[in-house]
Amino acid sequence: MRTAATEAGIAIERAGSFAAPDMKALGIDIGGSAVKGAPVDTRTGRLLAERIRIATPVQLSPLQMGRTIAKIVAEFKWRGPIGVGFPGVVYGSKILTSANLHPKFLGCDMGTILSKALHRRVALLNDAAAAGLAEMKFGAGRGFAGKTLLLTLGTGVGSVLAYHGTVVPCEFGHLPHEGKSYEKFVAASVREREGLTWKKWGKRLDNYLSVLEQILWPQLIIIGGGVSAKHEKFFPCLKTRARLRPAEFFNQAGIVGAALWAAESKR
Ligand code: BGC
């Protein structure tokens, strides 16, 4: 079985590979408030060491981000493949959007910056795509081939669709709502910032999911991000047609999926 990048999306598994996959890779997850990383066993999705988390209270430029990731790589004395999940649109090695990070990321060639900072090729992908890879392969979506929508609720809203083994990065967090992106109403960070009760926030999320269901018709919806650990507080507010499941990797899906992507990209 093998994984390969395709133009339409990211195929999780494809039969008929001859190359042996890398079994360990370092996964890095760039978030709105921290950068996290850990080595991952890509055959099981398990972390091989406790993750390192570097808080980023001040927005880092792309070069500073490269140096921060280099610290994590050095800390683990890592020499193998590295995958990096980024919270914006990733087009090849370039970043096209960066809603919650430094504006200097816009249009920057992050793949090249990271390769220079880490002295090797780095596999770059959208952070929600990373979470989708991890959850569909080892987590809440494993074994399910039907249409799945996975949302990560954190600083922003990440989204992917998965179908028959292919994970497609999307940007449903930026659907327009009352003149803004929908993520400005339903991200987990908004609940905290506005001091919303779980019920009030849950109702907002339910409205958002009903809009997404009208156009996407998923059979399964997976809710990820740190907030998935508290799903019993807001799942009762969600009246989706689709089956609803909390992510199993909570906020570690980004690390695991970035590592999977790195291992696969080496082949
Ligand atoms: C970005 C997405 C990202 C999500 C979660 C959004 O603002 O546009 O690309 O996946 O935040 O980090």
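Residues numbered from 1 in each chain as written. Predicted model: local features only at pLDDT ≥ 70, side-chain atom pairs only at ≥ 80, totals over all residues. Heavy atoms only, no water.

## What about the overall build of the chain?
Line of reasoning, step 1. Regarding its fold elements, the chain presents 7 helices and 17 strands.
Line of reasoning, step 2. Relative to the 2.2 N^0.38 estimate, which gives 18 Å for 267 residues, the radius of gyration of the chain is 17 Å and therefore close to what a compact globule would have.
Line of reasoning, step 3. Principal-axis analysis of the C-alpha atoms places the extent of the chain at approximately 45 × 45 × 30 Å.
Line of reasoning, step 4. Within the chain, the fraction of its 267 residues that count as buried is 53%.
Line of reasoning, step 5. Taking all contacts inside the chain whose residues are at least 6 apart in sequence as the whole, residues at least 24 apart take part in 62%.
Line of reasoning, step 6. Total accessible area on the chain stands at roughly 12500 Å², and carbon and sulfur atoms take up 53% of it.
Line of reasoning, step 7. Of the side chains in the chain, 36 bear a positive and 20 a negative charge, and the two mean positions are spaced by 2 Å. (Helix = DSSP H or I, 4+ residues; strand = E, 2+ residues; numbered from the N terminus. Rg over C-alpha atoms; globule rule 2.2 N^0.38 Å. Buried < 20%, exposed > 50% of the residue type's maximum accessible area, 1.4 Å probe, protein only. Contact = heavy atoms within 4.5 Å. Areas by Shrake-Rupley, 256 points an atom, 1.4 Å probe, with all protein chains shown as cover. Lys, Arg positive; Asp, Glu negative; His and termini not counted. Charge placed at Lys NZ, Arg CZ, Asp CG, Glu CD.)

## Details of the pairing of strand β13 (residues 166-170)
Line of reasoning, step 1. Looking at chain direction, strand β12 (residues 157-163) and β13 are connected through 5 bridges and run antiparallel. From the neighbouring strand, L161 faces β13, where its bridge partner is V168. (Pairing = 2+ DSSP bridges.)

## Quick word on the domain arrangement of the chain
Line of reasoning, step 1. When the domains of the chain are assigned, the result is domain 1 (24-129 + 252-266) and domain 2 (143-248).
Line of reasoning, step 2. With centres defined by C-alpha atoms, the gap from domain 1 to domain 2 works out at 23 Å.
Line of reasoning, step 3. Every contact between the two is made by 9 residues of domain 1 and, on the other side, 13 residues of domain 2.
Line of reasoning, step 4. If you sort the residues of domain 1 by the area they bury against domain 2, N100, A128 and A129 come out on top, with a joint share of 57%.
Line of reasoning, step 5. Taken together, the links from domain 1 to domain 2 amount to 0 salt bridges.
Line of reasoning, step 6. Taken together, the links from domain 1 to domain 2 amount to 0 residue pairs in polar contact (both at pLDDT 80 or more).
Line of reasoning, step 7. Among the residues making up the side of domain 1 that touches domain 2, the classes are represented as 4 nonpolar, 5 polar and no charged. (Domains from an automatic or database assignment. Buried area = accessible area lost by both parts, 1.4 Å probe. Salt bridge = Lys/Arg side-chain N within 4 Å of Asp/Glu carboxyl O. Polar contact = N/O pair within 3.5 Å; in protein donor to acceptor, adjacent residues only side chain to side chain. Nonpolar A, V, L, I, M, F, W, Y, C, P; charged D, E, K, R; others polar.)

## Side note on the site of the ligand
Line of reasoning, step 1. Taken together, the neighbourhood of the ligand is formed by 13 residues, with N126, D127, E171, H174 and E183 sitting nearest.
Line of reasoning, step 2. Within the side chain of N126, an N or O atom sits 3.0 Å from an oxygen atom of the ligand.
Line of reasoning, step 3. At a separation of 2.8 Å, an oxygen atom of the ligand approaches a polar side-chain atom of H174.
Line of reasoning, step 4. Bound to the protein, the ligand loses 95% of the 310 Å² it would expose on its own.
Line of reasoning, step 5. Put simply, the parts of the chain that give the shell around the ligand at least two residues each are α3 (127-138) and β12.
Line of reasoning, step 6. Per-class residue counts for the shell around the ligand are 4 nonpolar, 6 polar and 3 charged. (Near = heavy atom within 4 Å.)

## Side note on the nonpolar core
Line of reasoning, step 1. In this structure, L125, L133, V160, V167, I222 and F249 are the most contacted members of the largest nonpolar core, which totals 31 residues.
Line of reasoning, step 2. If you tally residues by element for this core, the top one is helix α7 (residues 253-265), at 9 residues.
Line of reasoning, step 3. Two domains each donate at least three residues to this core, and these are domain 1 (24-129 + 252-266) and domain 2 (143-248).
Line of reasoning, step 4. In this view, I222 contacts M136, A140, G141, T148, L149, L150, L151, R245, P246 and A247; residues no more than four positions away in its chain are not counted.
Line of reasoning, step 5. Formed by 28 residues, the second largest nonpolar core is a distinct cluster that contains L153, Y182, L209 and L216. (Core = buried A, V, L, I, M, F, W, Y, C linked by side-chain atoms within 4.5 Å.)

## Side note on the side chain of D29
Line of reasoning, step 1. With respect to the element layout, D29 can be found in strand β3 (residues 24-30).
Line of reasoning, step 2. Excluding its chain neighbours within four sequence positions, the residues that come into contact with D29 are A34, V35, K36, G85, D127, N251, G254 and I255.

## Points about the confidence of the model for the chain
Line of reasoning, step 1. The pLDDT averaged across the chain works out to 92; a share of 91% of its residues lies at or above 70.
Line of reasoning, step 2. Counted against residues more than four places away or in other chains, residues 1-9, with its pLDDT under 50, gives 25 contacts.
Line of reasoning, step 3. Here residues 12-20 scores under 50 on pLDDT; set against residues more than four positions off or in separate chains, the count is 22 contacts. (pLDDT = per-residue confidence, 0-100.)

## A word on the packing of helix α1 (residues 62-75) against helix α2 (residues 110-118)
Two measures define how a pair of helices packs: the angle their axes make with one another and the distance between the axes.
Line of reasoning, step 1. Following both chains from N to C, one finds α1 and α2 inclined at 45°, their axes separated by 9 Å at the closest point. Here α1 lies oblique to α2, going by the angle between them. Handedness of the α1/α2 crossing: right-handed. Of the residues in α2, those in contact with P62, L63, M65, G66, I69, A70 and V73 of α1 are M110, I113, L114, A117 and L118.
Line of reasoning, step 2. Residues of the contact of α1 with α2, tallied by class, amount to 11 nonpolar, 1 polar and no charged. (Axes fitted to C-alpha atoms, helices over the stretch in contact; angles between N-to-C directions. Parallel < 35°, antiparallel > 145°, perpendicular 65-115°, else oblique. Left-handed = near helix turned anticlockwise from the far one by under 90°.)

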